[in-house]
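Now for the letters of each chain:
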Amino acid sequence: MSVWDEVVGQEKAVAALQEAAVHARATLNGVETASRAMTHAWLVTGPPGSGRSTAARAFVAALQCTHPQVIGCGECDGCRHVMAKTHPDVTDFATEKSIISIEEVRAFMHNAQSAPSQGKWRVILLEDADRMQERTSNLLLKAIEEPPARTVWVLCAPSPEDLITTIRSRCRQVNLRIPPVKQVAQLLMRRHGVSYEDAYQAAALAQSHIGIASKLITDPEKLHDRYTQIESILDIDNIGDAVFYVEELLKENKENVEKDLATRNAREEAELKRTLGLNDTERIPPALRSQLTQLQEEQKRRVTRATKDPLDQLLVNLLSFFRDVMVIQTGMNHPPINQGYVNLLENVARGSTLADTYRKVTAIETARKRLQTNTSINLVFEALIADLIR
Ligand SMILES: [Zn+2]
């Protein structure tokens, strides 16, 4: 067993991080080394589901590992505490908010200044380093520029471009790739004790997104929902129905997201009132209302963010469906990813041409890109369905 077991399909990144951990250990033992493998600021990037935080945490565990030979053994107290997020010298931060506040960054900087209590490294692991405004980023930059000798910053973000150039240039970058389906399947087998076939199908359907693949394995309802959605979209044959479908889809999606977030939002408001010295039923006086407004804006941004995730997932599902259609139309001898729907795939393949399918795949890819911009979500989906039924 080792801390690297869960980091799948990232041989190159793992090699760099392992080498750094070995040199970090040598430094602690007072061994002079000319190697630059270890550094005090890291930036781990990779597409969603590629395992950024898992890789970052494995690295931090290897830094804190106390095993005399196997660095990152996965069994010593150091490794186990890092993996359980309970290590006293590690600040392990992930946020559900859409922005990391300046106060939070100040707290990290404060932690970064204190010497490690266990004699190894003081580590600040920031999972969502892309969620910082410029002012906050500039503050963080100062901390990264001149850290104490035993302090290490590990930042994670989807891509290097998500951080300001000055931070990026001071960090050693480790880029993760989308892991191969086979390796994700093997991970799912180990984690969930399922057969290779089931694990492979989930990994393929999730397009190697480890979190989504795990959900498909543990919650078969999800698999069913996904086909219901694809079938409803395939049934649409005119623009009027498309507009209606999109309205319903977005309404339902928004309701689900708001329901999920309602408890958390209410809790945050109650907490805010407590901080302001008010009880739950008291109204916030006008002079303090701007703080409530700020919180509500933050919550609105979070809803927008959360609203896009299931919609992007729907697009990913559609993509995998039409890629399967393409495979059949090209006559390739390749098992479809959507194995549960072979009949439907074959019908769609017979009823259209390869050029049609190619056009649809391109339209879905465009819709995915537009979904991440400020374009109205209704427009993105209406345009997409119009393209699909053309
Ligand atoms: Zn260990």
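Residues numbered from 1 in each chain as written. Predicted model: local features only at pLDDT ≥ 70, side-chain atom pairs only at ≥ 80, totals over all residues. Heavy atoms only, no water.

### Some words on the coordination of the zinc ion
Turning to step 1, where the next piece is worked out: Protein coordination at the zinc ion comes from C65 (SG), C73 (SG), C76 (SG) and C79 (SG), with a distance range of 2.3 Å.
Turning to step 2, where the next piece is worked out: The sequence pattern describing where the donors of the zinc ion fall on their chain is C-x7-C-x2-C-x2-C. Residues C65 and C73 agree in their burial class; the two are buried. (Donors = N, O, S within 2.8 Å, 3.2 Å for Na, K, Ca; no water. Buried < 20%, exposed > 50% of the residue type's maximum accessible area, 1.4 Å probe, protein only.)

### Some details on the sheet that holds strand β4 (residues 151-157)
Turning to step 1, where the next piece is worked out: What the 5 strands build is an open sheet, ordered β2-β3-β4-β1-β5; its pairing is parallel. Lying at the two open borders of the sheet, with one neighbouring strand each, are β2 (90-93) and β5 (172-175). In this sheet, neighbouring strand axes are inclined to one another by 15 degrees on average, regardless of whether the strands run parallel or antiparallel.
Turning to step 2, where the next piece is worked out: Bridge count for strand β3 (residues 122-126) against β4 is 5 bridges, and the pairing is parallel. What sits directly across from V123, in β4, is V152.
Turning to step 3, where the next piece is worked out: Along the sheet face, helix α4 (residues 102-113) touches β2, β3 and β4 and points at about 160 degrees away from the line of β3.
Turning to step 4, where the next piece is worked out: On top of the sheet, helix α5 (residues 134-145) reaches β1 (41-45), β3 and β4; it is set at about 140 degrees to β4, its chief contact. (Pairing = 2+ DSSP bridges. Helix = DSSP H or I, 4+ residues; strand = E, 2+ residues; numbered from the N terminus. Axes fitted to C-alpha atoms, helices over the stretch in contact; angles between N-to-C directions. Contact = heavy atoms within 4.5 Å.)

### Details of the packing of aromatic side chains
Turning to step 1, where the next piece is worked out: Scanning the model with the defined rule gives 5 aromatic pairs in all.
Turning to step 2, where the next piece is worked out: Note on F321 and F322: the rings are 5.5 Å apart at their centroids and 85 degrees apart in plane angle, and the pair reads as edge-to-face.
Turning to step 3, where the next piece is worked out: A relative accessible area of 3% places F322 in the buried class.
Turning to step 4, where the next piece is worked out: Here R172 stacks its cationic end above the ring of W42, 5.5 Å away from the centre of that ring. (Phe/Tyr/Trp six-rings, centres within 6.5 Å; stacked < 30°, edge-to-face > 60°. Lys NZ or Arg CZ within 6 Å of the ring centre and 35° of its normal.)

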